[in-house]
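# Architecture and fold: a report
Here are the chains, one letter per residue:
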Number of protein chains: 2
Amino acid sequence: MPPRRGQQLVQSLERGLAALEMALDGNVRPSHVAEALGIDRSTAYRLLYTLMAKGYLLQDERTREFTSNPAKFFQLYGKVATLLDWSDVAGDFLTRLRDQSGETANLGVRQANNVIYIAHKPGQAALSVNFALGTSRPLHCSALGKALLAAQPDAVTAEWVASAALTSYTAKTITAPSRLKRHLERVRVDGYAVDDEETFAGVRCIAAPIHDHRAQVIAALGISGPTTRITHEQLPHFAETVMQVAAQLSAELGAPVAEL
Amino acid sequence: MPPRRGQQLVQSLERGLAALEMALDGNVRPSHVAEALGIDRSTAYRLLYTLMAKGYLLQDERTREFTSNPAKFFQLYGKVATLLDWSDVAGDFLTRLRDQSGETANLGVRQANNVIYIAHKPGQAALSVNFALGTSRPLHCSALGKALLAAQPDAVTAEWVASAALTSYTAKTITAPSRLKRHLERVRVDGYAVDDEETFAGVRCIAAPIHDHRAQVIAALGISGPTTRITHEQLPHFAETVMQVAAQLSAELGAPVAEL
DNA sequence: CCCTCGTGTTGCGTAATTCGCACATGCAGC
DNA sequence: GCTGCATGTGCGAATTACGCAACACGAGGG
């Protein structure tokens, strides 16, 4: 049995990271950070100043506001990108999925309560779904997110559904925990998840999980397109394509061959 | 007069960020971090554990090593990328430069003692220079870096040249401070910088500075290609193209129209 | 099979670090 | 110019984080 894990976090570091993330969501000033974190202005200032000294933030000479330093984050991004270049691994499969479906193909992983889009191939039609890499979306209303959620053990899913904040984005967003739970059971049976205008009106998405060599779900692969092309009639056909390419990618990663 | 700036950094945060950056350069263990930073193993462990709790690191269940969490950094990258989307601003100009020169076009900004590549258009020839976004290279041996260095006031450049570590990468890397200083004076006069196999044997690069609306140098734009195509004879011609497109991009950013 | 060495992880007391208060300074707007 | 408001900076108090020491565990050797 692994030793039970620590409980005491380093406070200054914790607060510093919180301040950093605030700065990433828009320029901040010491007074804002202080209020948001419930600490003194001077403390917030010293945290921000330290982050600036280490290159993570910049300070506007005139307004005195602290801004994220894009160059620093490009550098950090570059380092992780070289460590694990998903585009290289998944690039062919994204292209294949894009070509077979005609829609934008994307790959995402879970990060806390969000899906992060880490690779994509935008569709070539005039009207195509397109968003930047690194975008995060809530788990409960995206196809990728639901594919990832459904892959967990029942108990974990149940607990998550009960405790998560199911924010509503459109009239179709599932906000009732019990409904989401049943919905996810369906996703697991089907082998794919659908986001039926639950995040954006007029946009439908389909996703399936990706397994690694230990059969663990590590990512989800899917397509996004306008409801005019991904119709309810066509949906099973698209889902079949998504699951096929997802299985191929899983196989490429060394996943044990399962059903189908 | 702005008040003179603080001097005391928050130690825990400083050490935590250092640990984070170590993890980005490869998996780390508490003992490594402790030795590198000259602190106790337990302290290093608590920093790493805090970073993990906040989502920046992951810990391998088996080896107990701490790894950077790619998803987290994709998320951070996504946030800064939307704040300042260089690809959108510079995309057309990169394409134009790539098409006119036939070589890989790239755009970089300075980050401490490095150039960070924040946007690019890979060349279409079979043999083309290509590296990932976010890559960092030393200032003193890259064309982009030298273009940025030469744009500074003389005093600043002189001080930097004297104090910087001029690491050698190929036989042609300039490592003598005095030579680099003269070289940069030449760059300023010419209006463009050349990396003549100073970073990679067989690769030549040409770059020119980009100015914003205040005539401040904020980035550098350039091309990279094999010495077989960017020959010494052709070099002035390529340089002319680079400077032209760089001037166009500067103009797009609202830079006051200068000479030429 | 035991013993040792190295490392991850945790408890604890101390002392250094950080935090909050108070104030100086600068800036915008009546 | 005076007033409100925010940044930036000493300074003392005490919380916090640090290092020490110990435990658990696995690897490797005798």
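Residues numbered from 1 in each chain as written. Chains lettered and ligands numbered in written order. Predicted model: local features only at pLDDT ≥ 70, side-chain atom pairs only at ≥ 80, totals over all residues. Heavy atoms only, no water.

### Remarks on the overall build of chain A
Note the threshold: Each helix is a run of DSSP H or I of at least 4 residues and each strand a run of E of at least 2, with the numbering of both proceeding from the N terminus. Think of it in three bands: residues with accessible area under 20% of the maximum for their type are buried, residues over 50% are exposed, and the middle band is partly exposed, with areas taken using a 1.4 Å probe on protein chains only. When checking whether two residues touch, look at their non-hydrogen atoms; a contact exists if any pair is within 4.5 Å. To be clear on the numbers: accessible area is Shrake-Rupley with a 1.4 Å probe, and residue cover counts the displayed protein chains and nothing else. When charges are counted, neither His nor the chain ends are considered; positive counts come from Lys and Arg and negative counts from Asp and Glu. Lys charges are placed at NZ, Arg charges at CZ, Asp charges at CG and Glu charges at CD.
Within chain A, the regular secondary structure consists of nine helices and eight strands. Taken across its 260 residues, chain A has 48% of its residues classed as buried. For chain A, the share of sequence-separated contacts (at least 6 apart) that also reach a separation of at least 24 residues comes to 55%. In the structure as shown, chain A presents an accessible area of about 12400 Å², 51% of it carried by carbon and sulfur atoms. Across chain A, 26 positive and 26 negative side-chain charges occur, with their mean positions spaced 6 Å apart.

### Looking at empty space enclosed by the protein
Residue and element names in this part refer to chain A. This is how it is decided: Note on definitions: the grid is 1 Å and covers protein atoms alone; a cavity is a set of points where a 1.4 Å probe fits but cannot get out; a pocket is an open set with protein on both sides within 12 Å along at least five of seven lines; lining residues have an atom within 4 Å of a point. Grid points are joined across faces, edges and corners, and a volume is the space filled by probe spheres set on the points. In this classification, the charged set is Asp, Glu, Lys and Arg, the nonpolar set is Ala, Val, Leu, Ile, Met, Phe, Trp, Tyr, Cys and Pro, and all remaining amino acids, among them Gly, are polar.
Going through the model one piece at a time under the given rule, you end up with one cavity of 30 Å³ or more. Going through the elements one at a time, α6 (143–150), β7 (203–211) and β8 (217–226) are the ones with two or more residues in the lining of the largest cavity. With four residues, the single largest contributor to the lining of the largest cavity is β7. When grouped by side-chain class, the residues that make up the lining of the largest cavity number eleven nonpolar, five polar and two charged.

### Brief notes about the packing of aromatic side chains
Where we set the bar: Pairing of aromatic rings covers Phe, Tyr and Trp, the last counted by its six-membered ring, and requires centre-to-centre distances within 6.5 Å; plane angles under 30 degrees mean stacked, over 60 mean edge-to-face, and any other angle means tilted. Only Lys NZ and Arg CZ are tested; either one counts as a charge over a ring when it is within 6 Å of the ring centre and within 35 degrees of the ring normal.
A complete count under the given rule lists seven aromatic pairs over all chains for this structure. Ring pairing ties together the aromatic residues Phe74(A), Tyr77(A), Phe74(B) and Tyr77(B), which thus form one cluster. Directly above the ring of Tyr56(A) sits Lys72(A), whose terminal nitrogen or CZ lies 4.9 Å from the centroid.

### Some thoughts on helix α7 (residues 154–163) of chain A
Residue and element names in this part refer to chain A. For the record, the criterion: The arc refers to the directions leading from the helix axis to the C-beta atoms.
For α7, the set of buried residues is Thr157, Trp160 and Val161. Along α7, the residues classed as buried sweep out an arc of 100 degrees about the axis, all on the same side. Residues Ala155, Glu159, Ala162 and Ser163 are exposed on α7 and point more than 90 degrees away from its buried face. Turning to α7, the residues buried within the fold contact β3 (104–111), α6 and α8 (177–190).

### Focus: the environment of Phe74(A)
Locating Phe74(A) in the fold gives a position in helix α4 (residues 70–83). In this structure Phe74(A) touches Tyr77(B), Ile116(B), Ile118(B) and Gly134(B), once residues within four positions along its chain are discounted.

### Some remarks on the domain arrangement of chain A
Condition: Just so you know, the domain bounds were taken from an automatic or database domain assignment.
Once the domains are mapped, chain A shows domain 1 (11–74) and domain 2 (84–252). Computed over C-alpha atoms, the centres of domain 1 of chain A and domain 2 of chain A are 34 Å apart.

### Comments concerning the relation of the copies chain A and chain B
Under the convention used in this document: The least-squares superposition of copies is restricted to C-alpha atoms, and to residues with a pLDDT of at least 70 in both copies.
Each copy of the sequence occupies a distinct position, and chain A is placed on chain B by a rotation of 179 degrees and an axial shift of 0.1 Å, giving an RMSD of 0.1 Å. With respect to symmetry, the two chain copies, as superposed, fit the operation of a two-fold axis. Relative to the rotation axis, the closest C-alpha in chain A is found at Leu13(A), a distance of 2.3 Å. When the interface residues of chain A are mapped onto chain B, 98% of them are again interface residues, pointing to one common binding face.

### So, the packing of helix α1 (residues 11–24) of chain A against helix α1 (residues 11–24) of chain B
Basically, it comes down to this: All axes here are fitted lines through C-alpha atoms, helices being fitted over the stretch that makes contact, and every angle between N-to-C directions spans 0 to 180 degrees. These descriptions rest on fixed angle ranges, namely under 35 degrees for roughly parallel, over 145 for roughly antiparallel, 65 to 115 for roughly perpendicular, and the rest for oblique.
Following both chains from N to C, one finds α1(A) and α1(B) inclined at 70 degrees, their axes separated by 8 Å at the closest point. Between α1(A) and α1(B), the crossing angle belongs to the class labelled roughly perpendicular. Packed against α1(A), whose contacting residues are Ser12(A), Leu13(A) and Gly16(A), the element α1(B) presents Ser12(B), Leu13(B) and Gly16(B) at the interface.

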